[in-house]
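Commentary on secondary and tertiary structure
In case you want the letters, here they are:
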Amino acid sequence: MNVKVRIKFSKYGLVKFIGHLDVMRYFQKLLRRADIPIAYSTGMSPHQIMSFAMPLGIGLESDAEYVDIEITERISSLTALKLMNEQNVEGIRILSFRELPEGAVNAMASIKAADYEVSFREEMKPDFSCFEMLKDMYEEPQISVFKKTKKSEMYVDIKPGIYRIWGNDDRIGMCLSCGSTLNIKPELVIQAVYDRLKKDFPEHALLIKRKEIYTESDGVRISLDKIGDDIL
Amino acid sequence: MNKQALSDKILLTVEKPARYIGNEVNSVVKDKDSVDVRFAMCFPDVYEIGMSHLGIQILYSMLNTFDDVWCERVYSPWTDLHAIMKENNIPLFALESQDPLCEFDFLGITLQYEMCYTNVLQILDLAHIPFDSKDRTWEHPIVIGGGPCTYNPEPLADFFDIFYIGEGETAYRALIDLYKECRSAGVSREEFLHRVSGIGGMYVPSLYNVEYDMEGLISSFKPVYDDVPSVIRKEIEMHLSDTYYPLKPIVPFVKVTQDRVTLEIQRGCIRGCRFCQAGMLYRPVRERDVELLKSYAVAMLNNTGHEEISLSSLSSSDYTHLKELVDFLVEYAEEKRLNISLPSLRIDAFSLDVMSRIQDVRKSSLTFAPEAGSQRLRNVINKGLTEEDILKGASEAFLGGWSRVKLYFMLGLPTETEDDMRGIAELSNGIAKLYYELIPKSERKGRVQIVTSTSFFVPKPSTPFQWASMNTKQQFLDKAHFVNDCMHEQLNSKSIKYNWHEADVSILEGVFARGDRKLGRVLKEAYKRGALFDAWTETFHEEPWLEAFDACGIDPDFYTARERSTEEILPWDMIDIGVSREFLKREWDNAINERVTSNCRAACSGCGARVFGGGVCFENA
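Residues numbered from 1 in each chain as written. Chains lettered and ligands numbered in written order. Predicted model: local features only at pLDDT ≥ 70, side-chain atom pairs only at ≥ 80, totals over all residues. Heavy atoms only, no water.

**With respect to helix H2 (residues 77-87) of chain A**
Residues and elements named next belong to chain A. Within H2 the residues assigned to the buried category are Ser-77, Ala-80, Leu-81, Met-84 and Asn-85. Relative to the axis of H2, the buried residues are bounded by an arc of 115° and lie together on one face. Relative to its buried face, H2 has exposed residues pointing more than 90 degrees away, namely Leu-78, Lys-82 and Glu-86. The inward-facing, buried residues of H2 abut strand E1 (3-11), helix H1 (20-33), strand E4 (92-99) and strand E12 (229-230). (Buried < 20%, exposed > 50% of the residue type's maximum accessible area, 1.4 Å probe, protein only. Helix = DSSP H or I, 4+ residues; strand = E, 2+ residues; numbered from the N terminus. Arc of directions from axis to C-beta. Contact = heavy atoms within 4.5 Å.)

Written out as structure tokens, the structure is:
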């Protein structure tokens, strides 16, 4: 019987330029190098059973990325952390390796919200207080912003997707809705501020770090690594 | 190591920024203050191609075993980054340290194909290193070239300080020691290069004078000093089981062309196909010990986490212990859920059995490379594969469940006639017909799929065809259309798909393959006019080349269309590959007379490679 495991890892520094598909390939090879007893799917072309919670865009750093895997035999969380971190490149650290309870929903299907920390690049700091403007904007009943996706271009109200904002101009914190219903990216929130001021929002102005990803349990947001327990 | 040569903004603008950040698993980072020599190893093409090359991985790991050396990597910035670097005057850097190349002691550039020559100029240009060797000072790295194109390096002679002729394992230590000695003794760059010419395999082009006659043929080729050798013999590693091998190859983040472990089982080839340069250059055949290879395979798979392993050699079927090695790998792969790929295998009962064990028969295709459409022409090129071999292999394969076949041929081979070309279509048709005869209708899953491809023959230096004339672009295209028409006449033409290459790139390849020093100017002119990444269909443009030839007053036909006399001084005559000119002449004569020469194991044909004192030449001794 396979054991379901949730892995939490961080991604920072140069590896922020590695795209999501390459991170997936990186993990496939990492698990082999670290000799983790990863389970394979059955069928003509077996592949490692592995699913990531949420892609991280190129250029973003993160303290909390999640991937669910299945293993064929239990190994202790400490051993797994050691084996994997010995094989990691600089910039990717495994933070936890925890067994999921029976029937747990996989990470991708259960995500509801994520925390971000946003700051401006030194040379691209705005000439106004972005944080103050953001707070003002947040007081309004709705925040309409022009959203461009691969499929459509339209105005959407992002207010219901912004759960909380905090911090100051150097570090703007925001908790945003994610997942299948409403997916809000931190750039879009800052874009809304610029739109409101009728200013051009320059490209690549922000440094963004994902701080945590949450699911919901009985109406309460809990971080994804709170589901599951360390393997002793 | 978090130094970053390119800003976040640039990295977020360019395609695949992971090409430029280094930091991959198994890349080597040293303290630059603790080494004496910094070596930048460059493959002048995009990262995904360069990272797939075994030779660089071997040299990288070898040089990094030297405590006093730190070897790093460089690849060609893709056109998007090229434009940004030019515009902002950003110097080209090595991946590991992200330091500019000008800070390095050596810049090694591997020359794998002629169509990367403008990329060599791009590297020098972006690195702020003068194009011409004569304009460089100790402020610049020593630029050294290696790889198959150095067996005629003359078109690049102006741009390189040294060409390393032969296999890289043998002479780098001596070269680095000499460099350290000369630098600490404060000798001039010129004097250093002069002394380098005394090391085996080192060709220092600036130390030779070339004179031409009225027609542009070489009339004399002489060293400028008495102690500079007039002939440079290739370096060769005769002990393949006792040399460097990269057991911890670098694992790229981005998906590269060869995303797998590569196990080099042998060097050289016993077959002696007359068009094949590699088959002549790497004589004699030398095999690696099978037990050693098994342990290498396991170590490399563990150290990389790759899910696939591939065997590398010119003709894997000729490796003496192939069955033992493959049986081991198949068993290991099943246990560890790995894939195996076996290129360059002859199709026979053994290989079909192996392939049916390692891949999905319905999805995979079989590859035959008859190279020529008739037995007559196959005799001319000494390709030992007969029509009977092909049909036998194909029938076994069809009965085993395969229904896709790929066929590779060349057009423009010496002595080729319309019958030979028609033979390409007829052989393709014959294989399709065989399928319909062998496999009853009820067992077929649609049509058999035959994909026939032709490339255009480019005569290469140090082969029996080095004197041959090459077809013109128009001749090539006429031939491709002729074959295409023949295909349509075949009964089973609906089961056959025919592809042919573009001809203009083949012509350029032909010019530079057998070119001389006069072509250096053409390269510079073409690069100046925007030629770059000429090996890529989407970035190749003929115009800058046509303009460059015109501007230099050079007629490309001089290098391609002309049949050379066997008495002519060839630009690459100073290079000795062990295989004698007499043997090549004999083989040229045998070709014209349609006479076959046996492979090295069946009978020695006295090519000259015995002089290296090992390998297949002494197998039965």
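Still more ground to cover, so stick around.
**As for the sheet that holds strand E16 (residues 404-411) of chain B**
Strand pairing in a sheet takes place through backbone hydrogen bonds and is either antiparallel or parallel in direction. Residue and element names in this part refer to chain B. Strand order in the open sheet formed by 4 strands is E15-E16-E17-E18, with parallel pairing between adjacent strands. Only two strands of the sheet have a single partner each, and these edge strands are strand E15 (366-371) and strand E18 (496-500). Each neighbouring strand pair of the sheet contributes to a mean axis angle of 20°, computed without reference to strand direction. Here strand E17 (residues 449-456) runs beside E18; their pairing, made up of 5 bridges, is parallel. Paired with Thr-452 across the bridge in E18 is Tyr-498. Packed on one face of the sheet, helix H15 (residues 473-489) meets E16, E17 and E18 and runs near 175° to E18. (Pairing = 2+ DSSP bridges. Axes fitted to C-alpha atoms, helices over the stretch in contact; angles between N-to-C directions.)

**Description of the domain arrangement of chain A**
Residues and elements named next belong to chain A. Split by domain assignment, chain A resolves into domain 1 (3-109) and domain 2 (111-220). Here the C-alpha centroids of domain 1 and domain 2 sit 28 Å apart. Summed over both sides, the interface between domain 1 and domain 2 buries roughly 1,200 Å², with carbon and sulfur atoms accounting for 49% of that surface. Summed over the three residues of domain 1 that lose the most area to domain 2, namely Met-54, Leu-60 and Asp-63, the buried surface amounts to 43% of that side. For the pair domain 1 and domain 2, the number of links is 4 salt bridges. In this structure, Lys-211 and Asp-63 form a salt bridge, with 2.9 Å as the shortest nitrogen-oxygen distance. Remark: the boundary between domain 1 and domain 2 carries 10 residue pairs in polar contact (both at pLDDT 80 or more). For the side of domain 1 that touches domain 2, the elements supplying multiple residues, two or more each, are strand E3 (61-71) and helix H3 (107-110). For the side of domain 1 that touches domain 2, the element with the highest residue contribution is E3, accounting for 6 residues. The residue makeup of the side of domain 1 that touches domain 2, split by class, is 10 nonpolar, 1 polar and 5 charged. (Domains from an automatic or database assignment. Buried area = accessible area lost by both parts, 1.4 Å probe. Salt bridge = Lys/Arg side-chain N within 4 Å of Asp/Glu carboxyl O. Polar contact = N/O pair within 3.5 Å; in protein donor to acceptor, adjacent residues only side chain to side chain. Nonpolar A, V, L, I, M, F, W, Y, C, P; charged D, E, K, R; others polar.)

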